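# A closer look at the structure
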Amino acid sequence: MPDLSNPKYTIEIIKKYEFAFQKKFGQNFLIDAHVVDKIIRSAMLTKEDCVLEIGPGIGTMTQALAKAAGKVVAVEIDKNLIPILEETLQGYSNISVVNEDILKVDIKELAKIYNEGKPIKVVANLPYYITTPIIMGLFESKVPLESITVMVQKEVADRMQVGPGTKDYGALSLAVQYYAKPEIVANVPPNCFIPRPKVGSAVIRLTKHVKCPVQVAEEGLMFQIIRAAFNQRRKTLINAVGNAADIKVSKEEMAQALTMEGLPITIRGEALTLGQFALLTNHVVKQKE
Ligand code: SAM
């Protein structure tokens, strides 16, 4: 089977199967061999690794993953791509294609079946419309994971990587950095895809922390506080948390936590680091004991 990252073959396959791109599935297929190679190298794969690929498309990256890893499980929602994948991936004995929605499939169960429950690596050119639910789902449902190396919208990659004091800093930055170390490894222009996306793209590697960088008494409460802080990011933290219906933390409790941390009571959440959100949460929990 020819190398699909050559655009000529991608076009041939698409014509042969009369494949119609579905915008609703975020279908932008890679047609640049250098980018495929960069993703594979950034994922640092060995023959010991089991890779979960989300959205194999016509199998361009899947072929390269199968050569670099021990096992590849590729989850694709679009049933029209399955016969194409049967052709493009024939001859590879270490690939399993699963025709499912990644947001509905039990990924922990896939890791159990294909990797004896040991940590997997996720590698994908993600469908951009569900980037955040996919990444947060992987972390929050405690899928055994080593790393996530994914193509995402450039702006979203920036949001995952930045710290306080920048406009991109928000709940996604804090959630990602709680679970993993983010590194943008490449910027990718629209002409590397068919059809061309309207936005720039970037490859980001998220290396799961072996040990969380902060110690927090109630993880769920910390993320409620973070979400409230950024839902109303121009408000002070005290007001943003005090106004949030789903959090049982009063303005007084929040004020006391800030004072104990030596922080001004007028501070906004956007100025706080992950470590400070954890310490503030711990003070609130202590007050409630
Ligand atoms: N990996 C291919 C490539 O790089 O050329 C395709 C990448 S394309 C950006 C995203 C892929 O994800 C498409 O094949 C699309 O059908 C698939 N997809 C979209 N939503 C999905 C979902 N909920 N579950 C699984 N796959 C999905």
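It should be noted that the structure appears before, not after, this text.
Everything numeric here is computed off the predicted structure, so don't read it as measured data.

Basis of the calculations
Residues numbered from 1 in each chain as written. Predicted model: local features only at pLDDT ≥ 70, side-chain atom pairs only at ≥ 80, totals over all residues. Heavy atoms only, no water. Helix = DSSP H or I, 4+ residues; strand = E, 2+ residues; numbered from the N terminus. Contact = heavy atoms within 4.5 Å. Areas by Shrake-Rupley, 256 points an atom, 1.4 Å probe, with all protein chains shown as cover. Lys, Arg positive; Asp, Glu negative; His and termini not counted. Charge placed at Lys NZ, Arg CZ, Asp CG, Glu CD. Pairing = 2+ DSSP bridges. Axes fitted to C-alpha atoms, helices over the stretch in contact; angles between N-to-C directions. Near = heavy atom within 4 Å. Polar contact = N/O pair within 3.5 Å; in protein donor to acceptor, adjacent residues only side chain to side chain. Nonpolar A, V, L, I, M, F, W, Y, C, P; charged D, E, K, R; others polar. Left-handed = near helix turned anticlockwise from the far one by under 90°. Salt bridge = Lys/Arg side-chain N within 4 Å of Asp/Glu carboxyl O. Buried < 20%, exposed > 50% of the residue type's maximum accessible area, 1.4 Å probe, protein only. Phe/Tyr/Trp six-rings, centres within 6.5 Å; stacked < 30°, edge-to-face > 60°.

Our focus in this paragraph is the overall build of the chain. Along the backbone of the chain there are 12 helices and nine strands. Of the contacts made within the chain by residues no fewer than 6 positions apart, 66% connect residues no fewer than 24 positions apart. With the model as given, the accessible surface of the chain reaches about 13600 Å², and the carbon-plus-sulfur share is 53%. On the chain, the mean spot of the 35 positive side-chain charges and the mean spot of the 31 negative ones are 4 Å from each other.

Now for the sheet that holds strand β7 (residues 180–188). Two strands in a sheet stick together by hydrogen bonds in their backbones, pointing the same way (parallel) or opposite ways (antiparallel). Here we have seven strands laid out as an open sheet, ordered β4-β3-β2-β5-β6-β9-β7, and mixed in their pairing. Edge positions in the open sheet fall to β4 (95–98) and β7, since each of these has one partner strand only. Strand-to-strand twist of the sheet, defined as the mean angle between neighbouring strand axes without regard to direction, takes the value 20°. Of the pairings in the sheet, the one linking strand β5 (residues 120–125) to strand β6 (residues 145–153) comprises six bridges and is parallel in character. Residue pairing across strands places Val122 opposite Ile148, the latter belonging to β6.

Looking now at the site of the ligand. Taken together, 23 residues are adjacent to the ligand, and Leu30, Gly55, Glu76, Asp101 and Asn125 come closest. Measuring from an oxygen atom of the ligand, one finds a backbone N or O atom of Leu30 at 2.8 Å. Bound to the protein, the ligand loses 99% of the 590 Å² it would expose on its own. A per-class count over the shell around the ligand returns 12 nonpolar, six polar and five charged.

Contact geometry for helix α9 (residues 219–231) and helix α12 (residues 274–288): axes closest at 9 Å, N-to-C directions at 120°. When the axes of α9 and α12 are compared, the crossing they make is right-handed. When α9 is examined against α12, the residues Leu221, Met222, Ile225, Ile226, Ala229 and Phe230 are found in contact with a partner set consisting of Leu274, Phe277, Ala278, Thr281, Val284 and Val285. When grouped by side-chain class, the residues that make up the contact of α9 with α12 number 11 nonpolar, one polar and no charged.

Before going further, it helps to examine the pattern of salt bridges. Counted according to the given criterion, the structure contains 17 salt bridges. In this structure, Glu146 engages Lys121 in a salt bridge whose closest nitrogen and oxygen atoms are separated by 3.9 Å. With Glu146 in strand β6 and Lys121 in strand β5, the pair connects residues that are 25 residues apart, well separated along the chain. Salt-bridge contacts for Arg268 lead to Glu270; the nearest nitrogen and oxygen are separated by 3.4 Å. Its relative accessible area of 18% is what places Glu270 among the buried residues. Ionic contacts of the salt-bridge type, sharing partners, join the residues Arg233, Arg234, Arg268 and Glu270 into one network.

Attention shifts here to the packing of aromatic side chains. Enumeration according to the criterion identifies nine aromatic pairs in this entry. Here the aromatic rings of Phe139 and Tyr179 are separated by 5.0 Å at their centres, their planes lie at 10°, and the arrangement is stacked. Placement of the pair is Phe139 in helix α6 (residues 131–140) and Tyr179 in helix α8 (residues 171–179), with a sequence separation of 40 residues. With relative accessibility at 3%, the residue Phe139 sits in the buried group. What makes Tyr179 buried here is its relative accessible area of 6%. One aromatic cluster in this structure is built from Phe139, Tyr178, Tyr179 and Phe223.

Attention shifts here to the side chain of Gln27. In this fold, Gln27 is placed in the loop between α1 (7–16) and β1 (29–30). A distance of 2.6 Å separates a polar atom in the side chain of Gln27 from the backbone nitrogen of Gln22. With near-sequence residues (within four places) excluded, Gln27 lies in contact with Phe19, Ala20, Phe21, Gln22, Asp78, Leu81, Ile194 and Pro195.

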